[in-house]
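As a plain string of letters, each chain reads:
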Amino acid sequence: MEIKKEINGNTCTLIPEGRIDTLTSGELESAVNEACSEHEKLVLDMAEVDYVSSAGIRVIIQAHQTVGADRFSLKNVSKNVMQLLSMTGFDRVLVFE
C-alpha cells in the first residue's frame, strides 16, 4: 500500500491507495499515529481506496478517537466503502468532507 501525505498548515491529509485490510492496516495505522503526533488536524482522503475490511475500520475509528471528532474527517469516500460505514453505523459518528 502506498500512502501519500500532504501538509497544509496544521492539517495532514493522508491519501492511501488500494485496499485497507488485515495486511495493510498496520501501515496505515503507523502513518495515522505519526500524523496525529505531528499535526492538529487529520484528513483521510479515501479517493484511491476501493475496499476497507474490519481491520481498516478499526484504524479509522481509532484515528477518530485519538485526534477527536472535531479534528478528524474523511473525504472522497467511495460508494462501496460508504455502504460499509453505513451498515456498521459509523457514518453517523464520523465526519465527512
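Q: Would you mind showing me how to read the overall build of the protein chain here?
A: Looking only at helices and strands, the protein chain has three helices and five strands in total. In terms of overall dimensions, the protein chain is globule-like: its C-alpha atoms have a radius of gyration of 12 Å, near the 13 Å expected for 97 residues. Once the C-alpha set of the protein chain is aligned to its principal axes, its extents read approximately 35 × 25 × 20 Å. Considering only intrachain contacts with a sequence separation of at least 6, the fraction spanning at least 24 residues in the protein chain is 64%. With an accessible surface of roughly 5300 Å², the protein chain has 46% of that area assigned to carbon and sulfur atoms. A gap of 5 Å separates the mean positions of the 9 positive and 15 negative side-chain charges of the protein chain.

Q: How should the packing of aromatic side chains be read in this particular structure?
A: Each aromatic ring pair is summarised here by two numbers: the centre-to-centre distance and the angle between the ring planes. Taken as a whole, this structure holds zero aromatic pairs when the rule is applied. Lying over the aromatic face of Tyr 51, Arg 19 brings its terminal NZ or CZ to 4.1 Å of the ring centre.

Q: Whenever I open this one, the side chain of His 39 confuses me. Can you help?
A: Residue position: His 39 is located in the loop between α1 (25–38) and β3 (41–45). Sequence-distant contacts of His 39, defined by excluding residues within four places in its chain, comprise Ile 7, Gly 9, Asn 10 and Cys 12.

Q: What's the story with the pattern of salt bridges in this structure? I'm lost.
A: Two side chains of opposite charge can pair, provided their charged atoms sit close to one another. What the rule picks out here adds up to five salt bridges. Notably, a salt bridge pairs Lys 5 with Glu 34, separated by 3.1 Å at the nearest N-O pair. Linking Lys 5 in strand β1 (residues 2–8) with Glu 34 in helix α1, this pair joins segments that are 29 residues apart in sequence. On the basis of relative accessible area, Lys 5 is assigned to the partly exposed category, the value being 40%. Take Glu 34: its relative accessible area is 39%, and that puts it in the partly exposed class.

Q: Is there a simple way to explain the side chain of Asp 45 in this structure?
A: Structurally, the position occupied by Asp 45 is in strand β3. A polar contact of 2.9 Å, which involves the side chain of Asp 45, links it to the side chain of Asn 76. If near-sequence neighbours (up to four positions away) are discounted, Asp 45 is found in contact with Thr 13, Leu 14, Ile 15, Pro 16, Lys 75 and Asn 76.

Q: Even after reading the chapter, I still don't get helix α2 (residues 54–67), so can you show me in this structure?
A: Two residues of an α-helix separated by three or four positions point the same way, owing to the 3.6 residues in each turn. With 14 residues, α2 extends 20 Å from end C-alpha to end C-alpha; this agrees with the ideal 20 Å at 1.5 Å per step. Buried residues along α2 sit against β2 (11–20), α1, β3, β4 (48–52), β5 (72–75) and α3 (79–88). Just beyond α2, the residue with positive phi is Gly 68, at close to 110°.

Q: Can you walk me through the state of the cysteines in this structure?
A: Linking two cysteines covalently via their sulfur atoms produces the bond known as a disulfide. Taken as a whole and judged by the stated rule, the model has zero disulfides. The thiol of Cys 12 is unpaired, and the distance to the nearest cysteine sulfur, on Cys 36, comes to 8.6 Å.

Cut-off values and rules
- Residues numbered from 1 in each chain as written.
- Predicted model: local features only at pLDDT ≥ 70, side-chain atom pairs only at ≥ 80, totals over all residues.
- Heavy atoms only, no water.
- Helix = DSSP H or I, 4+ residues; strand = E, 2+ residues; numbered from the N terminus.
- Rg over C-alpha atoms; globule rule 2.2 N^0.38 Å.
- Contact = heavy atoms within 4.5 Å.
- Areas by Shrake-Rupley, 256 points an atom, 1.4 Å probe, with all protein chains shown as cover.
- Lys, Arg positive; Asp, Glu negative; His and termini not counted.
- Charge placed at Lys NZ, Arg CZ, Asp CG, Glu CD.
- Phe/Tyr/Trp six-rings, centres within 6.5 Å; stacked < 30°, edge-to-face > 60°.
- Lys NZ or Arg CZ within 6 Å of the ring centre and 35° of its normal.
- Salt bridge = Lys/Arg side-chain N within 4 Å of Asp/Glu carboxyl O.
- Buried < 20%, exposed > 50% of the residue type's maximum accessible area, 1.4 Å probe, protein only.
- Polar contact = N/O pair within 3.5 Å; in protein donor to acceptor, adjacent residues only side chain to side chain.
- Expected span 1.5 Å × (residues − 1).
- Disulfide = S-S within 2.5 Å.

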